[in-house]
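# Summary of the model geometry
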Amino acid sequence: MKFFRAKAFPSVSRKGWCVLFQHPFQTDKSGNKYPVVKRYLCAEQEEVDVLVDELNELLRIEEYWTSTVKGRAKARYDQRVVNAFYDEVDEPDTSTVNKSTDAYHISLIGEAESGKTSIVRAIFGIHPAREKFPIRFRKASYDTVYEMTHSAAYEAKVSFLSRQQVYETLEKTVIESALVYASGGTDYDLAVALVHGNPELHFEALFGEVPYSPRYFTEQSSTAKSTKRIFQYVESIKSLTNTVLEESTEVTEDFEQLFLQKTEYRQLIETLLTCIERSFKEKCDFTWSYGIDDWPKFAFISTESRAHYFTALHRLTTEAEKADGASCYPLITSIHATIPSVKEQLIVIQDSRRGTSLHDQVKEADHIIYTHDASREIKIDKLKQLISYGYGYKLQMIFTHAERLQGERYAEERAKKHCLSAAIQACIQREEQAVATQLSYYLTAVRVDIASYLNRSDEDDHQLSKMVCINQVSSTPKQVGAELNPIYLSILAPPIITKAISHLYSHLLQQDDKVFPEELTSQLATELYYGFVTEPSGWSTSYHSATDRQRTFQAIANSLFLAIQAYVLEEGVNREGKEWAAIQRTKGEEREYCVKKLLQTKMNKEFERGLYYVVKHVVESHGGIFIH
């Protein structure tokens with residue numbers, strides 16, 4: 001029988017005491033038994049010894065190792081001990097930022113470094129040289145909501161990864177670096193694998209950098225505090241790896257299991273976590289909220305000082321302390337920032353970066369701003385998806401970095417704008433006729449400026465708000481004369497559905513990192529929208545203009561996407577969730593085989609018939625007429 005024991009120690013982040021122990025009946029996300037857990041116990045030192053003794057008694061009596069006897073434990077032990085053992089605590093009070101129900105919501109999308117940050121500064125009147133916010137990096141992946149309200153206070157709520165998530169990422173990083181060394185790597189190889197090997201963690205920002213030079217391990221090495229700390233971690237991993245290699249002659253799965261079981265390994269992970277916790281404590285401008293494990297859940301700030309507000313957020317999100325390994329930005333999951341405004345129109349801007357699907361990013365937006373770097377080639381796939389989802393009427397495309405267009409032909413601003421307009425028109429013409437018609441309509445006919453010029457230079461950046469046009473286009477179609485209804489020949493639907501699934505099959509084989517349910521929904525909806533919905537065999541009246549007809553398609557598009565999403569989730573994903581998950585983990589030729597096998601079994605005639613009735617229902621629910 002395994003022996004469990006709890007150990008108390010002072011909290012790193014706040015006043016009070018925590019306890020650390022291996023949990024007897026929990027498992028981590030990888031399925032490993034007895035994970036090490038940290039729990040906050042009490043604020044007074046006098047109570048700690050008694051509470052730890054009670055917790056150790058719980059850890060000794062095996063009949064308490066199930067959640068079904070929690071009631072008996074409550075009758076015998078202190079409530080705080082029961083909470084720590086059975087993971088049940090009251091949620092702490094969570095401060096919130098101002099919520100504006102009547103605000104105008106803008107969804108900001110576009111490629112990395114395409115100028116989204118400049119647009120935020122433009123709308124909110126933030127000068128980048130004087131007010132360092134928002135701070136974004138290529139490695140940062142947190143979501144941000146910027147809210148302009150009539151409140152007098154500057155507020156922000158910053159949420160963080162959980163301790164368990166950070167623990168598991170550290171585990172992965174340490175083990176992978178140990179494998180590099182165990183497979184014949186040098187000390188330097190181990191250090192580089194530890195600091196730069198896991199892009200999810202950004203170890204160098206949390207703990208410090210390792211110079212890309214073997215001289216790091218010579219007498220001339222850096223004397224920086226962070227470099228010395230990294231060297232200590234490297235030595236600990238080396239020592240532990242050598243110990244495990246003495247027990248396991250080959251670097252196999254046994255090596256990883258032996259490595260995970262070592263007490264020294266758990267101590268190293270806890271040391272790394274403690275180092276991160278200290279960096280939270282140094283950010284004293286914020287009010288912190290903690291979870292059951294004493295790990296910060298979020299930081300909140302509310303102040304009427306604009307200078308204090310931007311300085312505090314800059315310190316929390318900046319890379320300036322990266323060299324000393326005291327940055328917090330890799331752990332941030334979201335920021336909700338509120339800025340006072342005297343403008344009549346309240347504005348909320350959402351910038352999503354943590355893998356949120358395109359549909360979820362824009363479904364509640366009143367307006368969509370799509371940014372594109374004028375010096376790069378236009379990628380039109382996202383525009384096509386937005387239109388197929390039914391959001392074309394909200395769309396505005398803004399070209400940024402026009403100053404990068406160099407040469408005599410771009411000497412005048414008019415020439416630059418002409419170049420940008422020509423670029424997107426050429427991109428449209430390369431698409432299928434139905435697609436080109438839709439894109440051209442939504443990028444020109446709905447008062448959308450496709451050639452807005454934004455200068456990125458610091459001296460003019462704060463004046464961009466004068467140039468950003470928020471197009472509040474009404475989505476209500478105009479009724480002229482008789483009711484407008486598209487007429488479809490239902491006999492044309494099955495071959496178009498078959499073609500759409502074939503296109504989906506060829507598309508999935510080319511993708512290595514897509515989430516299957518989302519990609520299935522997106523591709524099927526897009527193909528069916530362009531292949532069938534926008535190609536009626538006739539109209540119930542001829543009194544309406546082409547613009548009105550396009551709006552009719554638009555009314556169908558959003559419902560079509562949602563209906564296909566529900567159908568795919570029910571028929572293809574929920575019933576065979578394990579099969580989908582297995583395919584997502586495969587790569588190369590094996591992945592191609594798995595995709596082909598699944599599509600042969602799932603995308604069959606029965607699935608096509610169901611998809612036919614989904615399309616039929618959506619079209620008819622919006623006034624469309626199916627002729628059988």
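Residues numbered from 1 in each chain as written. Predicted model: local features only at pLDDT ≥ 70, side-chain atom pairs only at ≥ 80, totals over all residues. Heavy atoms only, no water.

### Some thoughts on the sheet that holds strand β14 (residues 486-489)
In plain terms, the rule: Paired strands, as defined in this entry, are two strands with at least two bridges between them according to DSSP. Helix and strand assignments come from DSSP, with helices taken as H or I runs of at least 4 residues and strands as E runs of at least 2, each series counted from the N terminus.
On the basis of which strands lie adjacent, the open sheet formed by three strands has the order β15-β14-β16 and mixed pairing. Taken across any chain shown, the strands that pair with only one partner, and hence form the sheet edges, are β15 (538-539) and β16 (625-627). Sheet topology note: the β14/β16 ladder contains three bridges and is parallel. Note that in β16 the partner of Tyr488 across the bridge is Phe626.

### Some points on the side chain of His372
The cut-off we apply is this: Residue contacts follow a heavy-atom distance rule, with two residues in contact if any of their heavy atoms lie within 4.5 Å.
If you trace the backbone, His372 turns up in strand β11 (residues 367-373). Contact partners of His372, with chain neighbours within four places excluded, come to Glu111, Ser114, Glu377, Ile378, Met397, Ile398, Phe399 and Thr400.

### Examining the packing of aromatic side chains
Operational definition: Here the aromatic set is Phe, Tyr and Trp, taking the six-membered ring for Trp, and pairing holds for ring centres within 6.5 Å; pairs whose planes are under 30 degrees apart are stacked, those over 60 apart are edge-to-face, and all others are tilted. Relative accessibility under 20% of the residue-type maximum defines a buried residue, over 50% an exposed one, and the middle range a partly exposed one, all with a 1.4 Å probe and only protein chains included. In this analysis the charged atom, NZ for Lys or CZ for Arg, is taken to sit over a ring once it is within 6 Å of the ring centre and within 35 degrees of the ring normal.
Applying the stated criterion across every chain yields a total of 27 aromatic pairs. Centroid distance Tyr389 to Phe561: 4.1 Å. Interplanar angle 45 degrees. Geometry classified as tilted. Taken together, the residues span a long stretch of sequence, with Tyr389 in helix α13 (residues 381-389) and Phe561 in helix α19 (residues 546-573) at a distance of 172 residues. According to the relative accessible area criterion, Tyr389 is buried, its value standing at 2%. By relative accessible area, Phe561 is classed as buried at 3%. Relative to Tyr613, the ring of Tyr612 lies with its centre 5.2 Å away and its plane at 85 degrees, an arrangement referred to as edge-to-face. Among the aromatic side chains, those forming a connected cluster through ring pairs are Phe160, Phe280, Phe286, Trp288 and Trp295. Above the face of the Tyr40 ring, Arg14 is positioned so that its terminal group lies 3.8 Å from the ring centre. Across the ring face of Tyr64, the terminal group of Arg72 is positioned such that the distance to the ring centre comes to 5.5 Å.

### A closer look at a nonpolar patch on the surface
This is how the line gets drawn: The patches reported here contain residues having more than 30% relative accessible area and no salt bridge. Joining distances are 9 Å for like charges and 5 Å for nonpolar side chains (Val, Leu, Ile, Met, Phe, Trp, Tyr). Note that accessible areas follow from Shrake-Rupley with a 1.4 Å probe, and for residues the cover is restricted to the protein chains shown. Basic side-chain nitrogens of Lys or Arg form a salt bridge, by our definition, when they fall within 4 Å of a carboxyl oxygen of Asp or Glu.
On the surface, Leu489, Ile491, Leu492, Ile625 and Ile627 cluster together into a nonpolar patch covering about 420 Å² of accessible area. Here Ile491 lies in the loop between β14 and α17 (493-509). For Ile491, a relative accessible area of 65% translates into the label exposed.

### Quick word on the confidence of the model for the chain
To keep it simple, the criterion reads: Confidence scores here are pLDDT values: one per residue, from the predictor, ranging 0 to 100.
Averaged over all residues, the pLDDT of the chain is 77; the fraction at 70 or higher stands at 76%. Ranking the helices and strands of the chain by mean pLDDT puts β14 first, with 93, and helix α16 (residues 458-461) last, with 45. Contacts of residues 453-464 to residues separated by more than four positions or lying in other chains number 36 contacts, the stretch itself having pLDDT below 50. Note that residues 471-480 has pLDDT below 50 and, in this model, 19 contacts with residues that lie over four places away or in other chains.

### Quick notes on the nonpolar core
Filter applied, for reference: By convention a nonpolar core is built from buried Ala, Val, Leu, Ile, Met, Phe, Trp, Tyr and Cys residues, the set being connected through side-chain atoms within 4.5 Å.
Judged by nonpolar contacts, the single largest core of 75 residues is most densely connected at Leu170, Phe203 and Phe207. Every residue in contact with Leu170, bar those within four places of it in the chain, is listed here: Leu201, Phe203, Phe207, Ile269, Leu272, Leu273 and Ile276. Membership of the second largest hydrophobic core comes to 57 residues, among which are Ala365, Tyr370, Leu395 and Tyr567.

### Section: the pairing of strand β1 (residues 7-10)
Bridge analysis of β1 against strand β2 (residues 17-22) gives four bridges, and the strand direction is antiparallel. For Ala8, the partnering residue across the bridge sits in β2 and is Val19. Linking β1 to β2, which pair antiparallel, is a turn of six residues; within it Gly16 sits at a positive phi near 140 degrees.

### Remarks on the environment of Leu492
Looking at where Leu492 falls in the secondary structure, it is placed in the loop between β14 and α17. Leu492 gets classed as partly exposed once you look at its relative accessible area, which sits at 42%. Sequence separation between Leu492 and Ser537 is 45 residues, and the spatial gap between their C-alpha atoms is 9.6 Å.

### Here we look at the sheet that holds β1
Strand-to-strand pairing in sheets goes through backbone hydrogen bonds, with the strands running parallel or antiparallel. Stated formally: Geometry is summarised by axes, namely lines fitted to C-alpha atoms with helices restricted to the contacting stretch, and by angles between N-to-C directions that run from 0 to 180 degrees.
If you walk across this open sheet you meet the three strands as β1-β2-β3, and the pairing is antiparallel. The outermost strands of the open sheet, each flanked by one partner alone, are β1 and β3 (36-42). Taken pair by pair, the neighbouring strands of this sheet meet at an average axis angle of 30 degrees, ignoring direction. Note: β2 against β3, six bridges, orientation antiparallel. For Phe21, the partnering residue across the bridge sits in β3 and is Val37.

### Regarding the side chain of Thr552
Looking at the element boundaries, Thr552 is found in helix α19. On the basis of relative accessible area, Thr552 is assigned to the buried category, the value being 13%.

### So, the pairing of strand β6 (residues 154-160)
Of all seven residues making up β6, six are buried, and the element is well covered by its neighbours. Inspection of the sheet shows β6 paired to strand β8 (residues 296-303) by six bridges, in the antiparallel sense. Note on β8: the bridge partner recorded for Tyr154 is Thr303.

### Some details on the state of the cysteines
Threshold: Counting rule for disulfides: a pair of cysteine sulfur atoms within 2.5 Å.
Counted under the stated rule, the structure contains zero disulfides. Looking at Cys42, it has no disulfide partner, and the nearest cysteine sulfur is the one in Cys18, 9.2 Å off.

### Remarks on unusual backbone geometry
The residue His202 is not glycine, and still its phi comes out positive at about 55 degrees. Along the chain, the position of His202 falls in the loop between α6 (187-196) and α7 (203-207). Positioned with a positive phi, Asp294 is a non-glycine residue whose angle comes to about 70 degrees. Along the chain, the position of Asp294 falls in the loop between β7 (287-290) and β8. Of the residues examined, Asp294 reaches a relative accessible area of 0% and is grouped as buried.

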